[in-house]
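Geometric and topological summary
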Amino acid sequence: MKIAIDFDGVCTDLSFVSEQRANEFDYLYSPFSISISKPRKGILEVISVFGLFADLSIITSRPVEDEAYIKDWLSKNELLSFFKDVFCCGDVAKSEMMKQQGITLLIDDKPKHLVSLPENLKGILWSKQTWMELTKEIFDFLISTS
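This part is about the environment of isoleucine 5. You can see isoleucine 5 is positioned in strand β1 (residues 2-5). The exposure class of isoleucine 5 is buried, given its relative accessible area of 3%.

Before going further, it helps to examine the nonpolar core. Ile5, Leu74, Phe83 and Ile107 are the most contacted members of the largest nonpolar core, which totals 28 residues. Within the residue set of this core, elements represented by two or more residues are β1, α1 (7-11), α5 (43-50), β2 (55-60), α6 (67-76), β3 (85-88), β4 (105-108) and α9 (131-144). Excluding residues within four positions of it along the chain, isoleucine 107 makes contact with Ile3, Ala4, Ile5, Asp6, Val10, Ile124, Trp126, Leu134 and Ile138. Within the second largest apolar cluster, 11 residues are counted, among which are Ala4, Phe87, Met98 and Ile103.

On to unusual backbone geometry, then. Backbone geometry at glutamate 78 places phi at a positive 55°, although glycine is not the residue there. Inspection of the secondary structure assignment puts glutamate 78 in the loop between α6 and β3. Glutamate 78 sits in the exposed class, given a relative accessible area of 66%.

Moving on: the side chain of aspartate 6. Structurally, aspartate 6 can be placed in the loop between β1 and α1. Only 2.9 Å separates the side chain of aspartate 6 from the side chain of lysine 94, close enough to count as a polar contact. When neighbours within four sequence positions are excluded, aspartate 6 is seen to be in contact with Cys11, Ile59, Thr60, Lys94, Leu106, Ile107, Asp108 and Asp109.

Here we come to the pattern of salt bridges. Inspection of the entire model under this criterion finds 9 salt bridges. Measuring nitrogen to oxygen at the nearest pair gives 2.9 Å for the salt bridge that ties aspartate 6 to lysine 94. Here aspartate 6, found in the loop between β1 and α1, pairs with lysine 94, found in helix α7 (residues 94-101); they are 88 residues apart in sequence, far enough to count as distant. You'll find aspartate 6 and lysine 94 in the same group, each marked buried. A salt bridge links arginine 62 to aspartate 8; the nearest nitrogen and oxygen atoms lie 2.7 Å apart. With arginine 62 in the loop between β2 and α6 and aspartate 8 in helix α1, the pair connects residues that are 54 residues apart, well separated along the chain. For arginine 62, a relative accessible area of 5% translates into the label buried.

For α7, every residue scored as buried is listed here: Lys94, Ser95, Met97 and Met98. For α7, the angular spread of buried residues about the axis comes to 160°, placing them on one side. Lining the buried residues of α7 we find β2, β3, β4, α8 (111-115) and β5 (122-125). Positioned one or two residues after α7, glycine 102 has a phi angle of 70°, which is positive.

Rules used in this analysis
- Numbering of residues begins from 1 in every chain and follows the order in which that chain's sequence is written.
- It should be noted that, the model being predicted, local features are given only for residues of pLDDT at least 70 and side-chain atom pairs only at 80 or more, the latter also being counted only at that level, while totals for whole chains, interfaces and linings use all residues.
- To obtain the side-chain values, all non-hydrogen atoms of the structure were used and water was disregarded.
- Numbering of helices and strands runs from the N terminus; a helix is a DSSP stretch of H or I covering at least four residues, while a strand is a stretch of E covering at least two.
- Note on classification: 1.4 Å probe, protein chains only; a residue is buried when its accessible area is under 20% of the maximum for its type, exposed when over 50%, partly exposed between these limits.
- Residue types Ala, Val, Leu, Ile, Met, Phe, Trp, Tyr and Cys, when buried and joined through side-chain atoms within 4.5 Å, form a set referred to as a nonpolar core.
- Contacts are assigned to residue pairs that have any heavy atoms within 4.5 Å of one another.
- Pairing of N or O atoms within 3.5 Å defines a polar contact, subject to two protein rules: one partner must be a possible hydrogen donor and the other a possible acceptor, and residues neighboring in sequence count only if both atoms are side-chain atoms.
- Each reported salt bridge corresponds to a side-chain nitrogen of Lys or Arg within 4 Å of a carboxyl oxygen of Asp or Glu.
- Along the arc lie the directions from the helix axis toward the C-beta atoms.

Written out as structure tokens, the structure reads:
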């Protein structure tokens, strides 16, 4: 099984952006934002569990040029070894990248990326639930599709 995980907001903690009432688009537009982002609470646990039996990849809307910055961030936060690939979609839809790479499940923090998935691709929203609650949702999904 192949599972994709969004970078901004799933691997990283964006709560301070909204707390500061900063413009999220402006923040995410800069590759510099990658280096100052902190890991989201629970991301290590989630990828540790699912990395045991699934190929994990990052799929992000960031431009292709940001791939090196993301890999550097993952390495500095000791997460790089959990991921098989990092895909920066740029102008390509995440669903299209999922099809190209044979990925069937996307974990994302933005509903807009999940509602646009075609019927054969699935997504799970990680918004305010804990990593344990998210893990249960993923397991429930995997059980229901097996």
